[in-house]
Amino acid sequence: PVVASFSILADFVREVGGERVALTTLVGPDGDAHVYSPSPADAKAMAAASLVVVNGLKFEGWLTRLLKSSGTKAKLATATEGITPLKMQDDGHGHGHGGEDPHAWQSVSNAKVYVANILKALSAADPAGKAIYEANAAAYLAKLDALETEIKAAVARIPADRRKAITSHDAFAYFAKAYGIAFVAPQGVSTEAEASARDVGRIIRQVKAQKVPAVFLENISNPRLAEQIARESGARIGGRLYSDALSGSDGPAGTYIAMMKHNISQIEKA
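This section reports on the structure supplied with the text. Values in this document were obtained by computation on a predicted structure and should not be read as measured data. (Residues numbered from 1 in each chain as written. Predicted model: local features only at pLDDT ≥ 70, side-chain atom pairs only at ≥ 80, totals over all residues. Heavy atoms only, no water.)

### A few points about the sheet that holds strand 4 (residues 75-78)
Overall, parallel pairing links the four strands, which are arranged 2-1-3-4 in an open sheet. Lying at the two open borders of the sheet, with one neighbouring strand each, are strand 2 (23-27) and strand 4. Here the average twist between neighbouring strands, direction ignored, is 20 degrees. Pairing of strand 1 (residues 2-6) with strand 3 (residues 51-54) involves three bridges; the strand directions are parallel. (Pairing = 2+ DSSP bridges. Helix = DSSP H or I, 4+ residues; strand = E, 2+ residues; numbered from the N terminus. Axes fitted to C-alpha atoms, helices over the stretch in contact; angles between N-to-C directions.)

See below:
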């Protein structure tokens, strides 16, 4: 029994653990971990787990309370261990992550670190399955190598002066650094807070000044803000990006690899 804090981590655990793992995901598809409120069922799943896998970097602000209330004796694995976090821009209205950007999975090279940490944790929790976990991880890492090649090729096809986009909240800094797409996110706007008229006006001026060609909706954010920015700035809606959660299994981003392929496809089209 393994608990993963949110859907993207759960996909990594599923790839490495395979059929040896009975997996519970706390924040499911299209769920916003920033504003999540754990349920009694979550505490029960946590109490029964042998291993709990979390992102860390203060992404799961509710986690400490849940761990304590569940009384779990499970081992805790932090998937971002060994990753050097980027600093978040903070003007007093951030996500409360303590200045560190937790969205490290948006770089495929970081995703490989997640997989290595999950492999280590599963092998420690279930030594009898170590060979299976190692084989599963090796196969998945090869797929991640191919994914990174695909993303870089797609970015190379985008004219350099058009490699920029605006999103609803600041979740793509690792993607930007890894692949050279400039993401303009509205400072002072998080998934927990409504944007003020002044915020929206500033964002619209930012889009016009930087000639940002596309505004993207996000699966965890209310689309109204992005739609208003697009309407008043003249930028086009570039489609929907998946930032902090996968889609359902029947959607375009049901796995991490599908999510990253979908996102770069939307960016390239826009």
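### Some words on unusual backbone geometry
Residue aspartate 30 is not a glycine yet carries a positive backbone phi of 60 degrees. With respect to the helices and strands, aspartate 30 occurs in the loop between strand 2 and helix 2 (40-48). The class for aspartate 30 is partly exposed, based on a relative accessible area of 38%. Of note in this structure, leucine 57 is not a glycine but carries a positive phi near 55 degrees. Mapped onto the elements of the fold, leucine 57 is located in the loop between strand 3 and helix 3 (63-70). Relative accessible area serves as the criterion here: at 15%, leucine 57 is assigned to the buried category. (Buried < 20%, exposed > 50% of the residue type's maximum accessible area, 1.4 Å probe, protein only.)

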